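Okay, here's what each chain looks like letter by letter:
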Amino acid sequence: MKNIVIQTTQLEKKYLTDTIETTALTGVDLQIAQSDFVAIMGPSGCGKSTLLNMLGLLDAPTAGNLYFLGENVTKAPERKRANLRRQNLGFIFQSFNLIDELTVQENIELPLFYQGVPKSEIKARVQEVMQRVGIAHRHAYFPQQLSGGQQQRVAIARAVVGKPRLILADEPTGNLDSQHGREVMLLLSELNAAGATIVMVTHSPADAEYAHRVINLFDGQVVTERMAPAVAAI
Amino acid sequence: MLKTYFLTAIRMLLRNRSYSFLNIMGLALGITCSLLLFLVVRFELSFDNFHEKGDRTYRLAIRHEADGNSGVMASIPGPITDILRQNNPGLEIITQVFGEQDGQITVPATANKPARHYREPGALGFVESDFFRMFSFGKGNLPFIERLQEPHTLILTQQLATKYFPDKEPVGQVLRLNNQLDLEVIGVIPDVPDNTDFPFKLFVSYASANELSPYEISEWGTVLSNQNLYVTLPAGADYKEIEASINRIVLPHIPKKHQDLKSFFLQPLHDVHHNEELFNYSMRVVPMEVIWAMALIGIILLLTACINFINLATGQAIKRSKEVGMRKVLGCSYRQIILQFLGETFLITFAATLLSVILTEISLPYLNQLLELKLTFSFVRDPLLLVFLGPLLVLVTLIAGLYPAYMLAGLQPIAALKNRLNTQQVAGLSLRRVLVVLQFTICQVLIICTLVVGEQMAYFRNKPLGFNKESVVLLRLPAGNATKLVSYKANLLKEPAIQKVSFTMAPPTSIIIAENGFKFNGSSEPMPFRSHTKFANEAYFNLFDIPFVAGRAFTASDTIKEFVINETMRRKLAIPTAQEALGYKLNMAGKDGIIVGVVQDFHQSSLHHELPPAIITSQLSAYYYMAAKIDMNQKEAAIRHLENIWNKAYSDDVFNYEFYDETFELFYREEVRQQTLFKIFAFIAIVIGCLGLYGLISFMVAQRTKEVGVRKVLGASALDITILFSKEFVKLVLVAFLFACPIAYYLMQKWLEDFTYRIDIPYVAFLIAGIVTLSVALITMSSKAIQAALADPVQSLKTE
Ligand SMILES: Nc1ncnc2c1ncn2[C@@H]1O[C@H](COP(=O)(O)OP(=O)(O)OP(=O)(O)O)[C@@H](O)[C@H]1O
Ligand SMILES: [Mg+2]
């Protein structure tokens, strides 16, 4: 039996705004194992991002249960969740979300600072990650001075530098052209091959091909789940 | 970690230069004002706080009451001191002080230098050696003070010692005072500090004062306001008990004709600088209410600046939300975010504080000039300033930074990342509205107060005084020596530029006030109230244009012969008409005479006070001034002529003159100062308020950029867009106005209560305040709104 990183049972999320209640997720049962590469697909508004936010402990579900490394974190307070995020999770967003006032290097250093990694170690680890995503020569640039693909690579570097148990990516190629998109997907595959667990939301069937497993959402519910054949890196 | 916070903060500040500028400037202005006011307040509170025995030292003061009129004075007739000394109720030190308005010092001629004359106005104090035991002027043991008990001795301050004897040992030298007395310099002490109400530079032995005519300070006689008695209580003594003993001991000794002296009380030394009812030697009394008002204005300005900061910072939050969101995603805790933003606020506050130190340095000389103070600002000499600035820095950081930090830290990470702040901002925006209303209220209250104070001042200046103060030159005559110049009277009038001359104790409104008891209508009993007495020659009425209601001026005489009274005196004497007053007998200072004229009331002291009953009569020995009405077109010729004649009459006295209307302004010096303060700080409050307004508007415009774009695509004009934003602010200004009016009304009502002659609160001041703030708001507003309205709609739609 593989190690389960995250598990949900009958997960439900309702948004309550003024008088309108939106059910974004309902009855979601899910298991993500160590070294999995999972793609979540589905039409716009079906709850993909919502699910990812639950898995990333950025938002709390309204019903059901959420287990992180076997521990029930459904009702964990924000302090505890921030702690878990800091230690175990890496995030990649469609819009990169780099901090404009920090350089590439400083952006990547950030998670390590929050983890309290010693200064001397930070330097080396950031250097190594930058090499890996091929951004080292731009380490002193500010995000605005980079192309979209480069920015996303910085975001990926930032997501993995803390050696998270789980990487969550919400349409990582959504803002990129196909060439840059492919680069990013290859990078994620490499990371996965090296042992990282990845959950990725995507609209692109081509991107989904890189995953081991595809979960289809419709109207807040899991409709199908199929195993994808592992794609050999070209 | 700190480094990245610091870097983010610095880069953020640099990227948003206009925001940073507004923020730092607003805070710097607020801090500068509070720093300046702190210096003023601290200075005014520091008067005579450096005397070792200061906390048990008191001035003896008298409550007098006659015929329903009561008042207090600190003038103690000499005999009271003797009575106290003979029956000492346990006082550690009793000492009398006599401060002189004016005096001339002559440094005698030497082999190679002619004699030199110096006028030393206000610098002359007659004191006993105990004065230096009571007050800590000069350091340590001053053995020479003992000799101050002898007549004809004198102690100099360092400054005058150097001035008089630049190349000689001053001790042992002789100086001549008022061409009457030779005084031996027995010692030199350091200059007295600025914060004392004993601003003397020459300490003359008290025993000498009696020899100087025209004073009779050891007699009951005329009470002089500059004759004070100070006492130091033994440590631990109950001052109420001692006060009671003093009353018990002294009251039975008071002669019958001074029965209006009802009781004695001890005025604490620290009260001398703040009690408006009593005189002090620095001639500057700053009531505690004024000091509180200044402190309050300082706090209010600081608060305005903080409010400003909160407005700008929360407006800025939109730009920061993505960063905060990302930091939270990365697992940054609530506390860390709070600390980060408080740190940033601290940085801004720190920059603002540095800037305000520079601004203070630059503006202090101007403030000193405006307020006629000698405030200093130096961290080296005054480490206490750091004690003020340190906590101020922390406090401002907390007040200004806590809310924006708390607001940002409370953001949901996902919402923050998506800039989906609107729902969460609703609460913030309404708080910001409250803050803006508060700011406008402060601005309006300050504007209204400034206008009302200004109006009252204008009223003072234009109020009919009952005499004419224009074109009058006053010469202060050598003490008790008017005679010589009187003999040159005809000569004086030969110069056509000099139209009239009169000799007098004091001009109609003056700080020199003589109060005398008198007898009326042949009675042997003195009247139960005192008269304000003006000693003057017959030309006085004509020179100052004081109109007669009945009768005429008294005939020329060198002594008391006939009397002129004012209307108030006639009423107090219960004489029905002015005509009937003529012929009544009066007796003053043992001299009989009849009333020959009744004049209209004229003002004798500042308009704070009621018009007193007055008697004007001749008495050559009491003339301290010559007044000359001159042709202002030939001012120079007139002054030159006066100087020529003066030099003939008084070869040993330095010529001096003043224009009466200028001296007159000094009466309202404190009010003018307060008005100046109000003006400056109201202006700054408005500037800070505008900065905050600008911040709020920028925020709203930024938040609604998309809406503006859509509206424009749909065909709205620039004017429509401006109106869209203006509505909100007109509302805020109006709400502020509703608060400001009653507050300002109440404050001004209180302030005006102090004046016997005062204006009704002008309602137009309220109107002006409303219009000014509204215009300022609208102008700031429209500049920003038009900018948004004119922007390319496509551009504004694209910005997400
Ligand atoms: N903060 C929110 N408040 C209210 N409703 C929300 C909120 N966030 C999402 N929803 C609603 O929940 C549903 C799911 O949204 P979600 O963002 O998860 O969709 P998605 O699958 O990620 O769509 P897309 O592919 O367009 O990104 C939608 O109907 C959306 O309107
Ligand atoms: Mg989505």
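Residues numbered from 1 in each chain as written. Chains lettered and ligands numbered in written order. Predicted model: local features only at pLDDT ≥ 70, side-chain atom pairs only at ≥ 80, totals over all residues. Heavy atoms only, no water.

Going by an unreviewed UniProt entry, chain B carries the name FtsX-like permease family protein and comes from Pontibacter qinzhouensis. Word for word, the UniProt comment on chain B under Subcellular location (unreviewed entry) is "Cell membrane". (UniProt positions renumbered as here; feature names shortened; annotations may be inferred.)

The name recorded for chain A in an unreviewed UniProt entry is ABC transporter ATP-binding protein, from Pontibacter qinzhouensis.

Engineer: Explain the pattern of salt bridges here, please?
Structural biologist: Pairing is possible between side chains that carry opposite charge, provided their charged atoms lie close to one another. Scanning the model with the defined rule gives 30 salt bridges over all chains in all. In the salt-bridge network here, residues are joined through shared partners; they are Arg-320, Glu-323, Arg-327 and Glu-344 of chain B. (Salt bridge = Lys/Arg side-chain N within 4 Å of Asp/Glu carboxyl O.)

Engineer: How do you make sense of the UniProt feature "transmembrane region" (unreviewed entry) in chain B when you look at a structure like this?
Structural biologist: All names here are of chain B. This chain's UniProt record puts "transmembrane region" (unreviewed entry) on residues 21–41, 290–312, 337–364, 384–409, 430–453, 680–702, 729–748 and 760–779. Taken end to end, residues 337–364 is 100% helix and 0% strand, and its two terminal C-alpha atoms sit 39 Å from one another. This span, residues 760–779, is 85% helix and 0% strand, and a straight line between its end C-alpha atoms measures 32 Å. (Helix = DSSP H or I, 4+ residues; strand = E, 2+ residues; numbered from the N terminus.)

Engineer: Before we go on, may I ask you to explain the site of ligand 1 in this structure?
Structural biologist: The full set close to ligand 1 counts 13 residues, and Ser-44, Gly-45, Lys-48, Ser-49 and Thr-50 of chain A are the nearest of them. Residues close to ligand 1 are split across chains A and B. In the environment of ligand 1, an oxygen atom lies 2.9 Å from a nitrogen or oxygen atom belonging to the backbone of Gly-47 of chain A. With respect to ligand 1, the side chain of His-203 of chain A contributes an N or O atom lying 3.0 Å from an oxygen atom. Relative to its free-state accessible area of 630 Å², ligand 1 is covered by the protein chains to the extent of 69%. Where the shell around ligand 1 is concerned, the elements lending two or more residues are strand S2 (20–33) and helix H1 (48–55) of chain A. Broken down by element, the shell around ligand 1 gets its largest block of residues, three residues, from H1 of chain A. Residue classes in the shell around ligand 1 are distributed as three nonpolar, seven polar and three charged. (Near = heavy atom within 4 Å. Polar contact = N/O pair within 3.5 Å; in protein donor to acceptor, adjacent residues only side chain to side chain. Areas by Shrake-Rupley, 256 points an atom, 1.4 Å probe, with all protein chains shown as cover. Nonpolar A, V, L, I, M, F, W, Y, C, P; charged D, E, K, R; others polar.)

Engineer: Sorry, what's going on with empty space enclosed by the protein here?
Structural biologist: Using a probe with the size of a water molecule, rolled over the atoms, empty space left in the structure can be pinpointed. Residue and element names in this part refer to chain B. Taken as a whole and assessed by the stated rule, the structure comprises six cavities of 30 Å³ or more. The space that makes up the largest cavity amounts to roughly 140 Å³. What lines the largest cavity is a set of 16 residues, among which Tyr-19, Ala-313, Arg-320, Phe-341 and Glu-344 lie closest to the centre. Ranked by residues supplied to the lining of the largest cavity, first place goes to helix H8 (residues 288–329) with five residues. Its residues placed into classes, the lining of the largest cavity shows 11 nonpolar, three polar and two charged. (1 Å grid on protein atoms, 1.4 Å probe; cavity = no way out; pocket = protein on both sides within 12 Å on 5 of 7 lines; lining within 4 Å. Points joined across faces, edges and corners; volume = space filled by probe spheres on them.)

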